[in-house]
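Structure assessment
Next come the chains, spelled out residue by residue.
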Amino acid sequence: MKYIFLLLSAITFAQQTKSVDFKIVQVQITINPKGKSVKGTVSYWFDVLKPVDTIKIDAQNMDFSDVELNQKEIQFTTNGKQILLISAFKKGTNNISFNYVAKPQQALYFVGSEENDNIQIWTQGQGKNTSNWLPSFDDVNEKMIFNLEVVADSRYQVISNGILKSKVNNDSMTYWRFNMQKPMSSYLLMLAIGKFEKQTQQSNSGIPLEMYYESKDKSRFEPTYRYSKRMFDFLEKEIGVKYPWGIYKQAPVREFLYAGMENTSATLFATRYVVDDTGFEDRSYTNVNAHELAHQWFGNLVTAESSKHHWLQEGFATYYALLAEKEIYGEDYFYSKLYESAQQLKFASRTDTIPVLNSKASSLTFYQKGAWALFVLHEAIGDKAFKKAV
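From a predicted model like this one, the values you see are computed outputs, not experimental measurements. As a convention, each chain's residues are numbered from 1 in the sequence order in which they are written. With the structure being a predicted model, the display of local features is reserved for residues of pLDDT at least 70 and the display and counting of side-chain atom pairs for 80 or more, all residues being used for whole-chain, interface and lining totals. Water and hydrogen atoms were dropped before computing side-chain values, which therefore reflect all heavy atoms in the structure.

**Some words on the overall build of the protein chain**
Per the secondary structure count, the protein chain includes nine helices and 20 strands. Atoms counted for the radius of gyration: C-alpha only. Globule rule: 2.2 Å times residue count to the power 0.38. Its C-alpha atoms give the protein chain a radius of gyration of 22 Å, within 12% of the compact-globule value 21 Å for 390 residues. When each of the 390 residues of the protein chain is scored for burial, the buried share is 51%. It only takes one pair of heavy atoms within 4.5 Å for two residues to be counted as in contact. Of the contacts made within the protein chain by residues no fewer than 6 positions apart, 68% connect residues no fewer than 24 positions apart. Counting every atom, the protein chain has about 18500 Å² of accessible surface; 51% of that belongs to carbon and sulfur. Each charge class in the protein chain was averaged separately, 44 positive and 42 negative side chains, and the resulting centres sit 4 Å apart. Strands here are runs of E lasting at least two residues and helices are runs of H or I lasting at least four, both read from the DSSP assignment and numbered beginning at the N terminus. Partly exposed describes any residue whose relative accessible area lies between the buried limit of under 20% and the exposed limit of over 50%, with all areas from a 1.4 Å probe on protein chains only and scaled to the type maximum. Methods summary: accessible areas were calculated by the Shrake-Rupley approach with a probe of 1.4 Å, and residue burial reflects only the protein chains presented. For the purpose of charge, His is not counted, nor are the chain termini; Lys and Arg are scored as positive and Asp and Glu as negative. Charge positions come from single atoms, namely NZ of Lys, CZ of Arg, CG of Asp or CD of Glu.

And the structure:
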């Protein structure tokens, strides 16, 4: 039954995107660390392309109030997974606004405690999990411009997507307002709240590169972020498309679920990569750094329309990360890594027969076989044609 439901959900949203196009969302949220909950006010602007009677927004286990369409109360219902807005929606531009409260079971995580003065709050929305903490869209094809205001205790730093437009203190709370300039998928929305410091560099093209760390790790800043600017400049030139997001941020968070996550304009990564000079030799952040940065183009600017094509995102990010490492460590390193992944794929092929163009393919297939496919294509058609195609 689970698979039937997922199929029906995908069909429903595919149909909705043909009838409704969400453009901009304005959000203000306040997070309660003790209650591990979030409350907020959301306002969506959207175009109705074809008359419909119901519009759905993904929202996991949330309570809603003050639901209005164009400043007038509207009928709605919820099913635990979505809010369903019921009205005679006519062609044209509309606005829907509402208040909500949620206590997320996933996607918004609380680490540490206020008692120990070491709290961190961060998100991980990979795939379709952002709807656990913000009414949004699990369908990656529904892209919009996010403008997010976060209300947080003034003791903490807030990091989110896009450019920080304002920071206003009000007693013990601070209002942080972030704006995006281009549309993005909901799963790439992010938050990180905690006691961070930062250093900022600038790319050759003028993009601010904000690199965050905890105070105790100040001496580890250089080894952790080594080669960051160099890789940014290399990838922007190698890909041939200007970095699209206006700013790039990176921050390590404790107990992160993965090595890193390429949220639009703001990568989060695991603290295991916060290292000193000695640790750099054993587990540097370099590859993860380059991989998540490459995703800012491949996955974030251009997004695979379905999980069937997920290899494109991971294959391109893996291949371009390897090209960035080739720029730093040389050709011997580059070809040794290709050989290493080829051996892994050869061994795995004994039992893993699922092809790369399949949503159920393994991570090894998506990442390494995807990268190999691009390497072979690059070699076959030549550097000039490959870069032109990209």
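**Focus on the sheet that holds strand E15 (residues 191–194)**
Strand pairing in a sheet is mediated by backbone hydrogen bonds. Such pairs are either parallel or antiparallel. Pairing within the open sheet is antiparallel, and its four strands lie in the order E9-E10-E15-E12. Only two strands of the sheet have a single neighbouring strand rather than two, namely strand E9 (108–111) and strand E12 (157–160). Strand-to-strand twist across the sheet, computed as the mean angle between neighbouring axes with direction ignored, equals 10°. Whether two strands pair comes down to DSSP finding at least two bridges between them. Every axis corresponds to a line fitted to the C-alpha atoms, with the helix fit spanning only the stretch in contact, and the corresponding angles, defined between N-to-C directions, vary from 0 to 180 degrees.

**Things to note about the pairing of strand E6 (residues 75–78)**
In the case of a regular strand, side chains alternate between the two sheet surfaces. Bridging between E6 and strand E7 (residues 82–89) involves four bridges; their strand directions are antiparallel. Looking at the pairing, Gln75 lines up with Ile86 of E7.

**Here we look at unusual backbone geometry**
Residues apart from glycine generally show negative phi values, whereas peptide bonds are mostly found in trans. For Asp171, which is not glycine, the phi dihedral falls at a positive 60°. Structurally, Asp171 can be placed in the loop between strand E13 (163–170) and strand E14 (173–179). Assessed through its relative accessible area of 76%, Asp171 is described here as exposed. The backbone of Ser265 sits at a positive phi, close to 70°, despite the residue not being glycine. Mapping Ser265 onto the fold places it in the loop between strand E19 (260–261) and strand E20 (266–270).

**Brief notes about the confidence of the model for the protein chain**
Values of pLDDT, ranging from 0 to 100, describe the predictor's confidence in every residue of the model. Of the residues in the protein chain, 96% reach a pLDDT of 70 or more, and the chain-wide mean stands at 95. Predicted confidence for residues 1–11 stays below pLDDT 50, and this span has two contacts to residues more than four positions away or in other chains.

**Quick notes on the sheet that holds strand E18 (residues 248–253)**
With mixed pairing, the five strands of this open sheet are ordered in space as E16-E17-E18-E20-E19. The open sheet has two free edges, formed respectively by strand E16 (197–202) and E19, since each of these has just one partner strand. Here three bridges tie strand E17 (residues 208–213) to E18, and the two strands are oriented parallel to one another. Counted as the bridge partner of Met211 is Gln250 from E18. Contacts from helix H3 (residues 228–239) reach E16, E17 and E18 within the one sheet, and its direction differs from that of E17 by about 145°.

**Remarks on helix H7 (residues 331–348)**
In a regular helix each residue adds 1.5 Å, so 18 residues correspond to 26 Å; H7 covers 26 Å between its end C-alpha atoms and thus fits that length. Burial in H7 covers these residues: Phe334, Leu338, Ser341, Leu345 and Ala348. Buried residues of H7, viewed axially, fall in a sector of 90°; they line one side. Of the exposed residues in H7, the ones pointing more than 90 degrees away from its buried face are Asp332, Tyr339, Lys346 and Phe347. Buried residues belonging to H7 abut helix H6 (310–329) and helix H8 (363–381). Every helix has an expected span of 1.5 Å times one less than the residues it contains. What the arc covers is the set of directions going from the helix axis to the C-beta atoms.

**Examining the packing of aromatic side chains**
Aromatic rings from Phe, Tyr and Trp, with only the six-membered ring used for Trp, were paired whenever their centres fell within 6.5 Å, and each pair was classed as stacked if the ring planes differed by under 30 degrees, edge-to-face if by over 60, and tilted otherwise. Under the definition given, this model contains 33 aromatic pairs. Relative to Phe98, the ring of Phe64 has its centre 5.4 Å away and its plane inclined at 80°; by these criteria the two rings are edge-to-face. You can see Phe64 sitting in strand E4 (residues 62–69) and its partner Phe98 sitting in strand E8 (residues 92–102), a full 34 residues away along the chain. Like Phe98, Phe64 is buried. Pairwise contacts between aromatic rings join Phe298, Phe316, Tyr319, Tyr320, Phe334, Tyr335, Trp372, Phe375 and Phe386 into one cluster. Charge over a ring is defined by NZ of Lys or CZ of Arg lying within 6 Å of the ring centre and within 35 degrees of the ring normal. Arg226 extends its terminal NZ or CZ atom over the ring of Phe280, reaching a point 4.5 Å from the ring centre. Positioned over the ring face of Phe334 is Lys326, at 4.7 Å from the centre of the ring.

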